[in-house]
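Observations on the three-dimensional arrangement
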Amino acid sequence: MTKEYVTSERRLLHGGDYNPEQWKDYPEVLEQDIELMKKSGVNTVSVGMFSWTSMEPEEEVYDFEWLDQVFDRMNSIGGKVILATPSGARPAWMAKKYPEVLRVDSLRRKQLYGARHNHCYTSPYYRSKTQEINRKLAERYQNHPALLLWHISNEYGGECHCNLCQEAFRGWLKARYDNSLEKINQAWWGPFWSHTITDWNQIESPSPIGENLVHGMNLDWRRFVTDQTIDFYKNEIVPLREITPDIPITTNFMSDNPEFIPFRGLDYSKFAKEVDIISWDAYPAWHNDYEETYELASKVAFINDSFKSMKQKPWLLMESTPSLVNWHQYNKPKRPNMHYLSSMQMLAHGSDSNLYFQWRKSRGASEKFHGAVVDHDGSAENRVFKEVSQVGATMEKLSDKVVGTKRKAEVGLLYDWESDWALEDAQGFGLQTKDYPQTLQKHYQAFWEKDIPVDVISKENHFNEYKLLVVPMLYLMSEKTITRLKDFVAAGGTLVSGYMTGLVNESDLAYLGGWKKDLQDIFGIEPIETDTFYPSDSNKISYKEKMYTVKDYATIITNKNADVIGNYLEDFYSETPAVTYNKYHKGQAYYIGARLEEAFNQVFYQDLIDELNLSPILKVDHEVGVSVQGRKVDEDTDIVFIMNFTEKKQTVKIEHEVLDVLTNEMINGKFALEPYEVKVIEK
Ligand code: GLA
Ligand code: ZN
């Protein structure tokens, strides 16, 4: 496996968001920053994301001198700059003079000037203005040796319902439906509640005022929001591609908090294709009171692996906090060693960086209590600064080996944005218990606990790279996806799916004539009815002589030619199939009809791991809560991170002696890990 460097740097990046524009009146602070950066092993800063007013204080009046200084200072310490385009927040003069840049919300209220991440992404003025300022940045810094990477805007998200956006939505629909209202009415099931459209100007974006229950339209709106955001982004990068063709481009993606599921606002599987490097901002609520630390660690790993799988190359952690955030329900500092551990987890899952929000705590406004490397005390002596420096020192040691290396997985777990949107919108099942991404987290966790690497993929990834594809609850399935899954199984792959899969097509229209024939062939069954449970309801299944509890959903299945390997034990469908196995051409397919307790996932997937001979990067015996993940340096060498995500001391066992990369000493294969301790070893 060859290395792939995502930037021109040959080392891991350590640093993060830097807002020197807030400190222009404090030259001593800016001086001190450079000294403190050297001390903490910071080699990269991201600047500019919220600096438009400092770059263009008045219309067409520019000031880049402060930014020149940042570039020069970073260069003087051998550091690099990730330069952000400033479209995430705009100057007050602009909003006043060109109010079209401000968003209209779904209640059709024009927003007043304030906050950030709230521009209209259709506004022709904003599009030309962002291009203009981006062009100035590119022209000015194109030859600066410190320029490393473009960071486009900041955390794109949200939607605008202004008239310009309405018009753009209608244009998008015309393109999708060949200018045919008839096709739209078919896709949206028009006659239902008399919602047939007879003129383009009757189409308006969904709004709670009208309570839009036309699911096909809601789905198209969300697709449009993704496409329009990408279109805005593409407009931003035109001058950058032209002037700095060799500087790679990224934009920082997110997850949805506090559940730590994929960000639902944009279909990142589409957006990913447009950027050179995937980067994202991770803010898990460590030490919360509703889950075990290791459960959260598994959720973080899930999101990491989804970003990793988008390009199958190293990605960047663009933001994380060295201590706490200011927007969780309760903003708890990371306990000692958690920052170090969580930073190592990023490297283990394929990140070539640990970058923070923020370098220095701002003095005023909403983020003055958000964690930072440098606190208001300006000290290098506090706990947070010291732990950050320790991360910096370790990253320097690991740099040569780790940077550019990849991860490999034989299991693909499929998450689909469109299916998630449609299922959330669906009125049926349990309105509060659909839990599609949360269910995927549980399936992922079963592998994570056994250290089996998993790629979290989209419906367009190459399926045949995997031995095993896990596709729970893929409610929306186009015929194309069905065919791709069929080909995967026919060619020898193993497929796992189950309840709620394959109910509607890409317009959210139910399939007619029963479950799709291809699906029936692959699985050898037909799901007939879904029983939805009240929270107090339950049922049980038997599987390999053991019983497992069902919650939320149980699908009643007609068997065609599958082997029944699990049966329901209660209710009117007692003794009928709950879990089935079917051989299909060279491959095989399992159908899990019910939402089952985690113990079932453990046993079921262990059997598959054994059968398919799936292996971790290194076989380590340990208890639940220790995670072993890593990266392939070359055919014979792996860098392995053994991480203790529990509050207990853990003893782990490896069959032979191993090299501790950080101390460069061989250590006995049986050793202890303190709470939150991590060992980095070479194999
Ligand atoms: C986001 C933003 C940052 C900052 C952090 C705070 O990730 O991109 O500018 O506001 O949140 O956690
Ligand atoms: Zn708009």
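Let us now look at the domain arrangement of the chain. What the domain assignment lists for the chain is domain 1 (13-164 + 212-402), domain 2 (411-612) and domain 3 (620-682). Domain 1 and domain 3 are separated by 32 Å when their C-alpha centres are compared. Listed by partner, the interface residues are 25 residues for domain 1 and 19 residues for domain 3. Across the domain 1 to domain 3 interface the summed buried area is about 1900 Å²; carbon plus sulfur atoms make up 70%. At the surface where domain 1 touches domain 3, the tally comes to two salt bridges. The salt bridge partner of Lys401 is Glu682, with a shortest N-O separation of 2.8 Å. Where domain 1 meets domain 3, there are nine residue pairs in polar contact (both at pLDDT 80 or more).

Right, let's talk about the site of ligand 1 for a bit. The immediate surroundings of ligand 1 are formed by Phe50, Arg116, Asn154, Glu155, Asp281, Tyr283, Glu319, Trp327, Phe357, Glu367 and His370. With respect to ligand 1, the side chain of Arg116 contributes an N or O atom lying 2.8 Å from an oxygen atom. Measuring from an oxygen atom of ligand 1, one finds a side-chain N or O atom of Glu367 at 2.3 Å. Notes on ligand 1: free accessible area 310 Å², of which the protein chains cover 97%.

It is worth spelling out the coordination of the zinc ion (ligand 2) at this point. Within the protein, the atoms that donate to the zinc ion (ligand 2) are Cys120 (SG), Cys160 (SG), Cys162 (SG) and Cys165 (SG), at distances of 2.3 Å. Of note is the zinc ion (ligand 2), whose four donor atoms meet at the metal with angles of 103 to 116 degrees in an arrangement that counts as tetrahedral. Along the chain, the residues donating to the zinc ion (ligand 2) fall in the pattern C-x39-C-x1-C-x2-C. Linking Cys120 in the loop between α4 (92-97) and α5 (124-141) with Cys165 in helix α6 (residues 163-176), this pair joins segments that are 45 residues apart in sequence.

Right, let's get into the sheet that holds strand β26 (residues 658-660). Taking strand neighbours across the sheet as the criterion, the five strands line up as β23-β24-β29-β26-β27 in an open arrangement whose pairing is antiparallel. Strand pairing shows two members of the sheet lacking a second neighbour, β23 (626-634) and β27 (665-667), which therefore form its edges. Across the sheet, the mean angle from the axis of one strand to that of its neighbour is 35 degrees, orientation sign disregarded. Against the sheet, helix α12 (residues 383-402) engages β23, β24 (637-644) and β29 (678-682), with an angle of about 140 degrees to β24.

With that out of the way, let us pick up the pattern of salt bridges. Side chains that differ in sign of charge can pair as their charged atoms come close. One pass over the structure, following the stated rule, counts 48 salt bridges. As a salt-bridge pair, Glu367 and Arg116 come within 4.0 Å of each other at their nearest N and O atoms. With Glu367 in the loop between β11 (353-356) and α12 and Arg116 in the loop between α4 and α5, this residue pair connects regions lying 251 residues apart in the sequence. Owing to a relative accessible area of 33%, Arg116 belongs among the partly exposed residues under this scheme. Glu677 is the partner of Lys679 in a salt bridge, and the nearest nitrogen-oxygen pair spans 3.1 Å. Residue classification places Glu677 among the partly exposed positions, given a relative accessible area of 22%. Within this structure, Arg176, Asp220, Arg223, Asp416, Glu418 and Lys459 form a network of salt bridges that share partners.

How each quantity is defined
Residues numbered from 1 in each chain as written. Chains lettered and ligands numbered in written order. Predicted model: local features only at pLDDT ≥ 70, side-chain atom pairs only at ≥ 80, totals over all residues. Heavy atoms only, no water. Domains from an automatic or database assignment. Contact = heavy atoms within 4.5 Å. Buried area = accessible area lost by both parts, 1.4 Å probe. Salt bridge = Lys/Arg side-chain N within 4 Å of Asp/Glu carboxyl O. Polar contact = N/O pair within 3.5 Å; in protein donor to acceptor, adjacent residues only side chain to side chain. Near = heavy atom within 4 Å. Areas by Shrake-Rupley, 256 points an atom, 1.4 Å probe, with all protein chains shown as cover. Donors = N, O, S within 2.8 Å, 3.2 Å for Na, K, Ca; no water. Tetrahedral: all angles 85-135°; square planar, octahedral: opposite > 155°, others 65-115°. Helix = DSSP H or I, 4+ residues; strand = E, 2+ residues; numbered from the N terminus. Pairing = 2+ DSSP bridges. Axes fitted to C-alpha atoms, helices over the stretch in contact; angles between N-to-C directions. Buried < 20%, exposed > 50% of the residue type's maximum accessible area, 1.4 Å probe, protein only.

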